[in-house]
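Each chain is listed here by its residues.
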Amino acid sequence: MSQRRRIPRLFAPLLLVAAAGATGVAAVPAAAEQAVRARPLGQVIPAPASVSEGGPSYALTGRTRIRVDEDSREARRIGAYLADILRPSTGFELPVTARDAKDGIRLRLGSGDTSLGDEGYRLESGRHGVTITARKAAGLFHGVQTLRQLLPASVEKDTRQPGPWTVAGGTIEDAPRYGYRGAMLDVSRHFFSVDKVKTYIDQMALYKVNKLHLHLSDDQGWRIAIDSWPRLTTYGGSTQVGGGPGGYYTKADYREILRYAASRHLEVVPEIDLPGHTNAALASYAELNCDGVAPPLYTGTKVGFSSLCVPKDITYEFVDDVVREIAEMTPGKYIHLGGDEAHSTPHKDYVAFMDRAQAIVGEYGKTVMGWHQLTGGNPVEGAVAQYWGLDKTSATEKAQVADAAKNGTKLVLSPADRAYLDMKYDKSTPLGLAWAGYVEVQRSYDWDPGTYLPGAPAESVLGVEAPMWSETVWTNDQVEYMAFPRLPGIAELGWSPAATHDWDTYKVRLAAQGPRMSALGIDYYRSAQVPWPAE
Ligand code: ACM
């Protein structure tokens with residue numbers, strides 16, 4: 001879609017206010033005052049594909065209804081979600097109704113406009129209301145996120161606020177650049193309860209993130225119940241980094257995460273990290289070890305010391321059971337097999353293991369995902385490699401990944417020195433790690449997924465993901481401090497056309513998110529690179 005940015009009509013009322021201020025006359029017409037307060041349509045993060053500003057604004061009132069089609073349960077559900085966000089702060093009733101009316105918020109599903117794709121939407125705002133049109137529910141949901149950001153930040157608060165609740169006039173036509181826009185949470189190094197995960201899901205949804213990658217197992221803890229191997233969780237999930245109590249998801253818990261993620265139009269990507277990063281499993285079942293001896297549980301932060309026993313048959317019975325039970329529960333298409341840092345697995349064994357593990361994923365009808373070391377073996381057709389290298393990663397390693405991409409392997413880009421949310425911003429950051437260097441907000445935003453990996457065809461890139469490893473974080477406040485404001489930047493790289501990429505304008509749009517994040521209770525890092533307004 002093209003970039004169409006007209007000079008906003010807000011200019012005229014702004015002059016009016018300036019004049020009133022200069023003469024000490026406070027007589028600004030109410031409509032003009034409201035227009036002044038309306039946020040420009042183009043201020044949204046991620047930047048929309050196309051913005052055309054102008055025309056009269058719309059102000060929500062106590063009479064505003066959220067109108068949905070009679071026969072659309074999905075539109076009704078999204079309408080109810082929107083109403084839940086808007087009611088506490090506005091104090092308006094905002095009934096969700098199929099009754100026709102001449103103004104209000106209109107959520108329309110089933111547009112035949114194929115340019116909108118599965119996730120795109122059109123938002124039209126004018127005197128009589130705001131209409132969001134989409135082909136699919138995900139598009140309508142993303143359009144609702146845009147509408148939230150067009151309203152004042154205080155709309156996000158959960159107590160009554162003064163308003164006014166004005167949306168500037170104009171049209172947004174929007175659809176994502178990439179279909180994969182992910183965030184990962186490592187629930188192994190520290191366990192995160194279902195409620196904590198839900199909180200993060202809600203925060204991701206605001207920025208149109210559509211994949212939640214859960215790193216469900218590692219040396220320090222196994223976090224997902226597998227009925228056929230119960231000690232994985234009862235023993236292998238009983239601790240965490242630093243020796244705390246750990247925890248795990250029952251199948252009911254996991255299904256609740258899946259349900260909640262689906263309600264926010266996120267697909268869950270479950271990861272079982274194999275054949276390394278497996279101490280929790282090896283500690284739980286002696287027979288998985290080549291020497292038949294279970295190691296102790298591990299609560300440190302070293303990597304690369306554990307490996308499943310590649311020659312043993314029971315290893316593949318184990319992988320089969322785990323993949324089957326997870327695949328049975330998971331509606332999404334991917335199972336992530338990890339495959340990173342298998343430093344204790346000889347290369348020949350690694351390749352043999354990954355061949356068999358990938359085949360098992362295929363047997364259960366899922367698509368293989370793995371960290372990019374998978375490309376050192378034989379990625380199966382359709383496999384997705386998640387690249388987590390650095391600028392300084394060797395040309396040989398980058399070429400290995402690019403060559404796999406030329407041969408059909410798809411890529412999700414998570415360069416650690418850009419997209420890892422657990423990297424410190426600078427040397428004073430109290431949380432996080434620094435092995436990939438410091439990653440300030442600009443560095444995190446300033447790269448292009450389409451051209452990032454030399455030699456990888458642009459069409460091999462499915463999108464981007466921002467991983468949050470949890471060696472040093474275990475509360476939502478800590479996650480928020482590390483994820484915000486970098487996650488909105490990665491989300492924008494995944495959603496917005498490359499032509500919108502510009503740090504100088506992005507940082508101004510990001511600054512405008514400050515009061516919104518505050519209103520949502522998000523404990524974000526006030527980077528000195530961003531001109532935050534005073535709060
Ligand atoms: C990784 O950071 N080991 C994927």
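Since this is a predicted model, take the numbers as computed values, not measurements.

1. Examining the packing of aromatic side chains
According to the stated counting rule, one finds 24 aromatic pairs in the structure shown. Centre to centre, the rings of Y387 and Y452 are 6.3 Å apart; their planes meet at 55°, and the pair counts as tilted. On the criterion of sequence distance, the pair formed by Y387 in strand β17 (residues 384-387) and Y452 in the loop between α13 (441-445) and β19 (461-468) is long-range, its members being 65 residues apart. The class for Y387 is buried, based on a relative accessible area of 0%. Members of the aromatic cluster, each reached through a chain of ring pairs, are W371, W388, Y420, W435 and W469. Against the face of W495 rests K208, its NZ or CZ located 5.6 Å from the ring centre. Sitting over the face of the ring of Y180, K211 holds its NZ or CZ atom 5.6 Å from the ring centroid.

2. Digging into the layout of surface pockets
In this structure, the largest pocket occupies an estimated 410 Å³ of space. Along the walls of the largest pocket sit 17 residues, with I85, R148, E156, D202 and L520 positioned nearest its centre. The set of elements that each furnish at least two residues to the lining of the largest pocket consists of α3 (73-90) and α5 (194-206).

3. Looking at the pairing of strand β10 (residues 180-186)
Most of β10 sits out of view: seven of its seven residues are buried. Going residue by residue along β10, you find Y180, G182, M184 and D186 tucked away on one face and R181, A183 and L185 tucked away on the opposite face as well. One ladder, built from six bridges, connects β10 with β19; its direction is parallel. Along β19, the bridge assignment pairs Y180 with G463. Where β10 lies against strand β11 (residues 211-215), five bridges are found, and the strand directions are parallel. Its bridge partner lying in β11, M184 is registered against H213.

4. Topic: the UniProt feature "domain: Glycoside hydrolase family 20 catalytic" (unreviewed entry) in the protein chain
As annotated in UniProt, the feature "domain: Glycoside hydrolase family 20 catalytic" (unreviewed entry) corresponds to residues 178-497 in the numbering used here. Segment residues 178-497 splits into 34% helix and 16% strand. End C-alpha atoms: 9 Å apart.

5. Description of the sheet that holds strand β9 (residues 170-174)
Strands sit in the order β1-β9-β6-β7-β5-β3-β4 across an open sheet of seven strands; the sheet is mixed. Whereas interior strands pair on both sides, the edge strands pair on one side only; in this sheet they are β1 (50-53) and β4 (96-97). Taken together, the two bridges between strand β3 (residues 66-68) and β4 define a ladder with parallel strand orientation. Its bridge partner being in β4, I66 is matched across the sheet by V96. Each of β3, β4 and β5 (104-109) touches α3; the most contacted strand, β5, lies at about 150° to it.

6. Side note on the pattern of salt bridges
Taken as a whole, this structure holds 28 salt bridges when the rule is applied. A salt bridge links R67 to D100; its shortest N-O distance comes to 2.9 Å. Here R67 is found in strand β3, whereas its partner D100 is found in the loop between β4 and β5, with 33 residues between them in sequence. Under the relative-accessibility criterion, R67 is labelled buried at 8%. Its salt-bridge partner being R106, residue D69 comes within 3.2 Å of it at the nearest N-O pair. With D69 in the loop between β3 and α3 and R106 in strand β5, the pair connects residues that are 37 residues apart, well separated along the chain.

7. A look at empty space enclosed by the protein
Applying the stated criterion across every chain, the model contains one cavity of 30 Å³ or more. By volume, the largest cavity is sized at about 30 Å³. Every residue along the wall of the largest cavity is listed here: L411, L413, P449, G450, T451, Y452, L453, A456 and V461. Within the lining of the largest cavity, the residues separate by chemical class into seven nonpolar, two polar and no charged.

8. Digging into the UniProt feature "active site" (unreviewed entry) in the protein chain
Feature annotation in UniProt places "active site" (unreviewed entry) on E341, given in this structure's numbering. Exposure remark for E341: the relative accessible area of 18% places this residue in the buried category. Within polar-contact distance, the side chain of E341 engages the side chain of H277 at 2.9 Å.

Conventions and cut-offs
- Residues numbered from 1 in each chain as written.
- Predicted model: local features only at pLDDT ≥ 70, side-chain atom pairs only at ≥ 80, totals over all residues.
- Heavy atoms only, no water.
- Phe/Tyr/Trp six-rings, centres within 6.5 Å; stacked < 30°, edge-to-face > 60°.
- Helix = DSSP H or I, 4+ residues; strand = E, 2+ residues; numbered from the N terminus.
- Buried < 20%, exposed > 50% of the residue type's maximum accessible area, 1.4 Å probe, protein only.
- Lys NZ or Arg CZ within 6 Å of the ring centre and 35° of its normal.
- 1 Å grid on protein atoms, 1.4 Å probe; cavity = no way out; pocket = protein on both sides within 12 Å on 5 of 7 lines; lining within 4 Å.
- Points joined across faces, edges and corners; volume = space filled by probe spheres on them.
- Pairing = 2+ DSSP bridges.
- UniProt positions renumbered as here; feature names shortened; annotations may be inferred.
- Contact = heavy atoms within 4.5 Å.
- Axes fitted to C-alpha atoms, helices over the stretch in contact; angles between N-to-C directions.
- Salt bridge = Lys/Arg side-chain N within 4 Å of Asp/Glu carboxyl O.
- Nonpolar A, V, L, I, M, F, W, Y, C, P; charged D, E, K, R; others polar.
- Polar contact = N/O pair within 3.5 Å; in protein donor to acceptor, adjacent residues only side chain to side chain.

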